[in-house]
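Residues per chain are reported as follows:
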Amino acid sequence: MNHLLGTRELSREQAVELLDIAEDMAAVQEREVKKLPTLRGKTVVNLFFEDSTRTRISFEAAAKRLSADVINFSAKGSSVSKGESLKDTAQTLQAMGADGVVIRHPASGAPLTLATSGWIDAGVVNAGDGTHEHPTQALLDAFTMRRRLHGAASRGRGLDGARVLIVGDVLHSRVARSNAWLLPALGAEVELVAPPTLLPVDTRRWPVTTSYDLDEALGRRPDVVMMLRIQAERMHGAFFPNSREYARTWGLDDARFDALPDTTMVMHPGPMNRGLEIAARAADSPQSTVREQVANGVSVRMAALYLLLSGERGAAA
Amino acid sequence: MSERHLIVGAQLPNGERLDLLLEGGRIAELGTGLDARGAERVDAEGLVVLPGLVDLHTHLREPGYEQSETVLTGTRAAAAGGFTAVFAMANTSPVADTAGVVEQELSLGRAAGYATVQPIGAVTVGLAGERLAELGAMAQSRARVRVFSDDGFCVHDPLLMRRALEYVKAFGGVIAQHAQEPRLTEGAQMNEGALSGELGLAGWPAVAEESIIARDVLLAEHVGSRLHVCHVSTAGSVEVIRWAKARGIDVTAEVTPHHLLLTEDRVASYDPRFKVNPPLRRAEDVEALRAALADGTIDIVATDHAPHPVEAKEGEWDASANGMVGLESALSVVHRTMVEPGRLDWADVARVLSQAPARIGRLAGQGGAIELDAPAELVLYDPSATGEFGLERLAGRSTNSPYLGETLPGSVRWTFHQGYATVRDGEVREAAEVAGLAAAAGSADG
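Remember, predicted model here, so these are calculated numbers, not experimental data.

S.K.: Mind showing me how you'd approach the overall build of chain A here?
M.R.: Helices and strands together make up the secondary structure of chain A, namely 11 helices and nine strands. For 317 residues, the compact-globule estimate of 2.2 N^0.38 gives 20 Å, and the C-alpha radius of gyration of chain A, at 19 Å, lies within 12% of that figure. Seen through its C-alpha atoms, chain A measures out along the principal axes to roughly 55 × 50 × 35 Å. When each of the 317 residues of chain A is scored for burial, the buried share is 49%. Summarising the internal contacts of chain A: among those between residues at least 6 apart in sequence, 76% fall at separations of at least 24.

S.K.: Would you mind showing me how to read the sheet that holds strand β9 (residues 147–148) of chain B here?
M.R.: Backbone-to-backbone hydrogen bonds join strands into a sheet, with any given pair of strands oriented parallel or antiparallel. Residue and element names in this part refer to chain B. If you trace the five strands from one edge of the open sheet to the other, you get β9-β10-β13-β14-β15, paired in parallel fashion. Each of the sheet's edge strands pairs with one partner strand only, and the pair in question is β9 and β15 (300–301). Across two bridges, the pairing between β9 and strand β10 (residues 174–177) is parallel. Within the sheet, the bridge partner assigned to V147 lies in β10 and is V174.

S.K.: Could you clarify how one ought to interpret the confidence of the model for chain B in this entry?
M.R.: Regions with low pLDDT should not have their predicted coordinates read in detail. The predicted model of chain B averages 97 in pLDDT, with 99% of residues at 70 or higher. On the interface metric, ipTM, the complex scores 0.92, and its pTM is 0.95.

S.K.: Any chance you could explain helix α6 (residues 206–223) of chain B here in plain terms?
M.R.: Owing to its 3.6 residues per turn, the α-helix brings residues three or four apart onto one side. Residues and elements named next belong to chain B. Between its terminal C-alpha atoms α6 stretches 26 Å, which fits the 26 Å expected from 18 residues at 1.5 Å a residue. Listed as buried for α6 are A206, A208, E209, E210, I212, I213, D216, V217, L219 and A220. Immediately beyond the C-terminal end of α6, within one or two residues, lies G224, with a positive phi of roughly 65°.

S.K.: I keep staring at the interface of chain B and chain A and nothing clicks. Help me out?
M.R.: Where interface size is given, it is often the accessible area lost as the parts come together that is meant. Listed by partner, the interface residues are 18 residues for chain B and 24 residues for chain A. Looking at the side of chain B that touches chain A, the element that brings in the most residues is helix α5 (residues 194–199) of chain B, giving four residues. Class assignment for the residues of the side of chain B that touches chain A results in seven nonpolar, five polar and six charged.

S.K.: For this particular structure, what's the right way to read the UniProt feature "binding site: Zn(2+) 2" (unreviewed entry) in chain B?
M.R.: All names here are of chain B. In the UniProt entry, the feature "binding site: Zn(2+) 2" (unreviewed entry) is given for D151, H178 and H231. In sequence the annotated residues extend across 81 residues, while in space they remain close, none of their C-alpha pairs exceeding 10.0 Å. For H178, a count of 25 C-beta atoms within 10 Å translates into the label buried. Ignoring anything within four residues of it in the chain, the contact list for H178 reads S149, D150, D151, G152, F153, C154 and C230. With respect to the helices and strands, H231 occurs in the loop between β13 (227–229) and α7 (235–246). Among all residues touching H231, those that are not within four sequence positions of it are E254, V255, T256, H259, P278 and D304.

Conventions adopted
- Residues numbered from 1 in each chain as written.
- Chains lettered and ligands numbered in written order.
- Predicted model: local features only at pLDDT ≥ 70, side-chain atom pairs only at ≥ 80, totals over all residues.
- Helix = DSSP H or I, 4+ residues; strand = E, 2+ residues; numbered from the N terminus.
- Rg over C-alpha atoms; globule rule 2.2 N^0.38 Å.
- Buried ≥ 20, exposed ≤ 12 C-beta atoms within 10 Å, placed from the backbone.
- Contact = placed C-beta atoms within 7 Å.
- Pairing = 2+ DSSP bridges.
- pLDDT = per-residue confidence, 0-100.
- Expected span 1.5 Å × (residues − 1).
- Nonpolar A, V, L, I, M, F, W, Y, C, P; charged D, E, K, R; others polar.
- UniProt positions renumbered as here; feature names shortened; annotations may be inferred.

In structure tokens, the structure reads:
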């Protein structure tokens, strides 16, 4: 693997390999000395054109636990008109000798542009681009599901037969897109539930089903219910009338949560809007994986950095 | 001193092979076995001669955006593509919304000498869509403006559009509408459909174009005015225009070469060279546009030549500029998409790339038949040439062509404007030389 730009390009084998390495990384995290020497002497740059403290510190922890040197580069405001271009930034990082670049960018496709432009030799990890993909989030979601389903027997397995319901603002969600490609590749069945305004106009090519009625979808007894963050500002674009109606119709409120079997996993990529898309009781229940997702995020990102940066990178170039 | 050329053995659009003697800026003789009488002999064996191409939709960027293009460099690109006249869009800085600006553009075009520059006037002051620009003053100026457009922006206020359509009837004008409903396309980045959802790019729905065209043809019908629709890009738009024409509404329409060839699939690379307004659409749309050009529903091909500096076209998709250069490649793309499949012959090409655009724009001295005493505005095209479309084919200031690296048929060998060659055997002539020939031709006109 030269870059990790999306989950769409990942085969089942590649995804399982990455998740298995993440299991090894998770095992290291149980030890007293959590640090591995694997990436000693390598430099990883966290290039964030968008604020995201959570994702940045997760990547930072992952790189440091692999003994890489980490540089945090916050470059908010990226367009040509606003100052330094993506190209100039990339060439700066190249001159500084970056081996890996973790990029978060508000424009869909920016990581691909960075990886294929020829401006930089580093391995590129997409840490979220616009409304396109957020592959490490989907991988940590898959990792979390696999652990809950299979526990210590997780290695080598996919998510065959698991039924996953993803609820909320699919249109603007890179997490939903990355999960919509990855989870079916691992054998899961994925259903997206959203108001029609928050689904893309045409999802026929996605390996998922879609519906509008949350109660009907919950009635089909999914194994996993993943709630997406909804931005209250969306009501200004007339995507829905107001946050109360949204919460009433598409929120995981107490009544809906109480009706679920206690084996149903409740997931959220964070940060949560409690009381909007998810009620506090659901978020804080034992069924909630929210804190596991954060912990697993470090292991999955360690695995991604390990696959990209250890070994003979750039030998073909 | 004016140039004299004897073109030997060129194939006319109707298939006939003739010699043409160009003298005094006109076709002085037409026949077979003509005597050169000291004129430069141009061997046109295997070449097609077409009336000089006329582009109803060019962005020359001067005044104001000279880092992208100037009247000189843009008309040089035009000559390289076989064009002898271009209609210059109004979105300059200052905007071409007064007689002063359009007369300046006219003068710059005459001085450069590569092609006739016919300014287009803005419909509204500053392209702001709020009040009418001085349409009459521009029409009565030396630039004799007949085409008015806010291109880049849609005249979306229905009352303002109605008034503009009505007002320009006084001097035989036409409103060239950039059909794009602004609210439906806020932040839009690419054609809305399956692919936009996958790529996470904000969708640009076909209905945003089609709804404006539907409204405008009804307005044109109501007030009995002439409407021209810029860069039609969807199958639905074609249906609306076909309906309007059948109803007798006075509407004409253009399609760009890139909408005849390229589909939205190119966007998957996030390469901003493929970012354009209106966006590249689906294969079904491309097919509908080709069919509409073949059956006359779409009247003309216009380039929407839109130069941008490198830095505006190499970053992330969202931050990159819309637009492609197209003058140098237009004839080859029409050849590839329409002539090779047998949907247009060379007479049709002369119609859609020269005669009809000159007629729609009411431009005298361009787009005529190739006949005795006609103005010597001609292009000689080698349809048998083929090769990779490379940077050496571009003659303007900007290089944002979507065709770089693609194989395209054909090659412009000679372009004649006002009787002199602007392109000689595939080479665009030096600016100083052309300016001198233009000055001589201008003084000969009196």
